[in-house]
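Chain residues, written in single-letter form:
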Amino acid sequence: MGSILNSGISGLNAAQANLLTTSHNIANADTPGYTRQQVIQSTNIPQSTGAGFIGRGVNVTTVQRIHNQFLTTQLLQVQTQSSQLNNHYNQISQVDNLLADPVSGLSPALQDFFSGVNDVAANPSSVPSRQAMISNSQALVSRFHSLDQRLSEMYQAANTEINSSVSEINSLAKQISELNHNIQMAEGAAGGHPANDLLDQRDNLINQLSKLVNTEVVKQSDGSSNVFIGTGQALVVGNQSMSLKAMVSPENPQKMTIGLVSGNKTVLLPEEQIHGGSLGGILDFRNDSLNEAQNALGRIAINLAQAFNEQHNLGLDLNGNLGTDFFSVPQPQVFSHTANNPASNITADISDVSALTTNDYRFSFDGTNYTLTRLSDSQSVSTAAAPTAGSPLIMDGLRISSATINANERFLIQPTINGAKNIAVNISDTAKIAAAAPVRTEAALSNTSNATISQGSINPLPLDPNLQQPVTITFHSPYDGQFDVTGTGSALPANNQVYTEGADISFNGWTIQINGQPAAGDVFTIDPNHNGSADNRNALLLAGLQTQNSMAGGTASFQEAYGQMVSLIGNKTRELEVTSKAQNNLVTQTERSLQAVSGVNLDEEAANLLRFQHAFQASSKVIEISSSLFESILRIG
C-alpha cells in the first residue's frame, strides 16, 4: 500500500509543480525579458522484486528556463549594431535637412550675394546698388553664422547624450554586478538549482546595455556573467562593476570623451575602441559626420573671404583709394594639450586656402622631430628644426611658422572649424567698395596706326608700390619693332623692348597687351584711374568669382563645393537609412526566432494547464484508492 501511496504523492507533487510553473508562465507572458520555464522530471529508482522492477513514482529534478544561448548572443550583436546605425541616422538626418534646405541653406544666400555684386558691376556708381551688395553680404555672413550655430548646438547635444549614456551604462553595470551576487547566493542556497527569474532579470539588463554599447558576455562556472564593452574593456567582473566617466578631452576642451575610473585615477579610453549601441552611434556622428560638415562649411567661408578680399584689394573705391579687405578671414583654431607646459605655444595660419581640406591636424614634438599629422589618415610631414617664418612646416595649406614646445607635447589644430562662425563683413561704407580698376590705359590721339591697348589687369597680391605711377610706352621712330617704357618703377626705364603682338607687357604690378601693327612714334599710356566712378572692371572680376574654381585645389567653385558637401551628407544619410532599416529587420527576425523558442505561448500554456490539472486529479485518485485499499485490509483484520 505504501508504494502506491508514495507514487500517488510524487505524481501529485509533480503535477502541482507543473501547475505552478505553468501559472507563472501565464502570469509573466508580457513581462519584458521573461523566458518560459519548464519543470524537468525523472522517474524514481524502481523497486526490484522477484517479478521484475516496479516503479516508485516521479521526481521533480529542477525547474529550468527554455533558453537558447546562441540566439541570445546573436540578438546582442545585431541589436548593438542596429542601435548604432539608428542613432547615427537620426542625428545626421538633422544635418542633411539643415544644409539641403532650399530656403535656409547656404545656396540661396550665396546666389543673392553674387547677384548684388553683379548689380554693382552693372551700375558701379549707384549707391543703392552698392548698399544692396553690402546688405546681401551681411545676410550671407548671417547665414554662415546661423548654420554654424545650429551645427554647434548639435555638437553640444552630442556631448550631453554621451554624458547621459555613460551614466546609464554605469547604472546597468552596477545592477548586473548586484544580480551576479544575488544569483550566486540564491543558487548556492538552492543546491545549485538555477535562479531562473534572476537570470532573466540579468539577461534583460544585458540586453538594455547592448543597446547603449557593444556588449560581450562570458559565462562563469559560479553562475556569474562577466561583461565586456567596446573592444574588450571589462565593465562587470563577478560582483564587481567598473565605472565609466564622461570627461573633457585633454586635447579639445569643447569635446566630451570617455574615461575608465580606476581607483583615484581616470584612464582615458580611445574612442575608436568604443563602438556599437547608441553611444557608438553618437560618437561616430560627432567625430565624423558632424565634424566634417562643420569643417566643410568653414572651408567655404574661408575660401570665399580670402578670394574676395584678394580681388577686392586689387580694385579702387569711390574715394580713389585701393580696396581693403571686404571680409575678415577666420584663422585656425589651436588647442594646447592639458599636459603641455602653459608657456608652450605655436603659430598656425593658412598659407593657401585652395589647398585646405576638411581635416583636423596634430602638431607634436618627440624630442627629435617636429611633426604635423593629418588625423584622418595619419599622413604627416616632419622637420628636425623648429619651424620658423622663413622655414615653416606646411601641409594642406596649413602653415606652422613658429613653435615653442617641449618634448612629447602636442597641439590640436582645426584650420576651418571656425570659418563659418568667425567670418564677418568689414565694410559698411558704400564708397569703399572697390568696383573700379586702379589704372587706366589710353592710346595717344596722335598715333597714326590702328594698334590698340587692352584695359589691363592687376597682378595678384602683393601690390606693387608703384602701381599707380604714370607709365608711357613709346615705339621707336623710325619703327624697328621695338619700344621704350618710361616712368617711375623698380624696372623702369626699360628701353629697346621687342614688340610681339598680343604678348603680355608687365610693369609696376599691372599687365597689358597691345594688338595690331604700331607705327613709328606711337604712344600708349598707363595712368592712375582718377574719377573712375563709372568703372566696373574690378566689380566684373569680383562677380566672376562665383563660377571660378577656387576651392579644393582649383576643382570647384563655392556653389559646387557646397553642393558636394550637401551631396556627401545626403548620400551618407541615405546609406545609413537603408542599412539601419535592414538591421532593424534583422533584429526583428532574431527576436522572433528567440521568442519562438523562449517566449510564452498562451494557447500552449492553457493546454498544459488542463493536462497538468488532469494529472493532479489522477494522482489524487491514486492516493484515494491507496487509502481505500488500506482501510479494506484493516477491516479484514
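Sequence order as written defines residue numbering, which begins from 1 separately in each chain. Under the rules for a predicted model, residues below a pLDDT of 70 receive no local features and side-chain atom pairs below 80 are neither given nor counted, while totals for whole chains, interfaces and linings still include all residues. Hydrogen atoms and water are omitted, and side-chain values are computed over all heavy atoms in the structure.

1. Observations regarding the side chain of Thr416
Mapping Thr416 onto the fold places it in the loop between β20 (409–414) and α7 (419–422). A contact between two residues is defined here by any heavy atoms of the two lying within 4.5 Å. When sequence neighbours within four positions are dropped, the list of residues in contact with Thr416 reads Gln294, Asn295, Gly298, Arg299, Ile302, Leu356 and Thr357. A run of H or I in DSSP becomes a helix once it reaches four residues, and a run of E becomes a strand once it reaches two; helices and strands are each numbered from the N terminus.

2. Quick word on the pattern of salt bridges
Side chains bearing opposite charge may pair, as long as their charged atoms lie close to each other. Salt bridge, as used here, is a side-chain nitrogen of Lys or Arg placed within 4 Å of a carboxyl oxygen of Asp or Glu. Taken as a whole, this structure holds 16 salt bridges when the rule is applied. Between Glu577 and Arg574 there is a salt bridge, with its nearest N and O atoms 3.0 Å apart. Placement of the pair is Glu577 and Arg574 together in helix α9 (residues 558–598), with a separation of three residues, close to one helical turn. Salt bridges sharing partners connect three or more residues here, namely Arg65, Asp200, Asp203 and Lys219.

3. Observations concerning unusual backbone geometry
Glycine aside, residues mostly have negative phi angles, and peptide bonds mostly take the trans form. For the peptide bond that leads from Ser477 to Pro478, omega is 5 degrees, which places it in the cis range. By the secondary structure assignment, Pro478 is in the loop between β25 (471–475) and β26 (482–487). At the junction of Leu492 and Pro493, the peptide bond is cis and its omega measures out at 0 degrees in the coordinates. Tracing the backbone shows Pro493 in the loop between β26 and β27 (494–498). Positive phi values are uncommon outside glycine, yet Asp396 reaches one of about 55 degrees. Structurally, the position occupied by Asp396 is in the loop between β18 (393–395) and β19 (398–404). Although it is not a glycine, Asn408 adopts a positive phi angle of roughly 70 degrees. Position of Asn408 among the secondary structure elements: in the loop between β19 and β20.

4. What about the packing of aromatic side chains?
Only Phe, Tyr and Trp rings are paired, with Trp represented by its six-membered ring, and only when their centres lie within 6.5 Å; those with planes under 30 degrees apart are stacked, over 60 edge-to-face, the remainder tilted. Scanning the model with the defined rule gives 14 aromatic pairs in all. For the ring pair Phe114 and Phe558, a centre distance of 6.2 Å and an interplane angle of 15 degrees mean the geometry is stacked. With Phe114 in helix α3 (residues 106–122) and Phe558 in helix α9, this pair connects stretches of sequence that are 444 residues apart. As far as burial versus exposure is concerned, Phe114 and Phe558 are alike and both buried. With centroids separated by 6.2 Å and ring planes inclined at 35 degrees, the aromatic side chains of Phe475 and Tyr479 adopt a geometry described as tilted. An aromatic cluster is defined as three or more aromatic residues linked by ring pairs; in this entry it consists of Phe113, Phe114, Phe308, Phe326, Phe327 and Phe558. For every residue, the accessible area (1.4 Å probe, protein chains only) is compared with the maximum for its type, and the residue is labelled buried under 20%, exposed over 50%, or partly exposed between those bounds.

5. Looking at the sheet that holds strand β17 (residues 380–383)
One open sheet holds the five strands; their spatial order is β13-β20-β15-β16-β17, and the pairing between them is antiparallel. Bordering the open sheet on either side are β13 (333–336) and β17, each of which pairs with just one other strand. Ignoring which end each strand starts from, the neighbouring axes of this sheet average 20 degrees apart. Think of it this way: DSSP has to see at least two bridges between two strands before they count as a pair. Every axis in this analysis is a line fitted to C-alpha atoms, fitted for helices over the stretch in contact. Angles between the N-to-C directions lie between 0 and 180 degrees.

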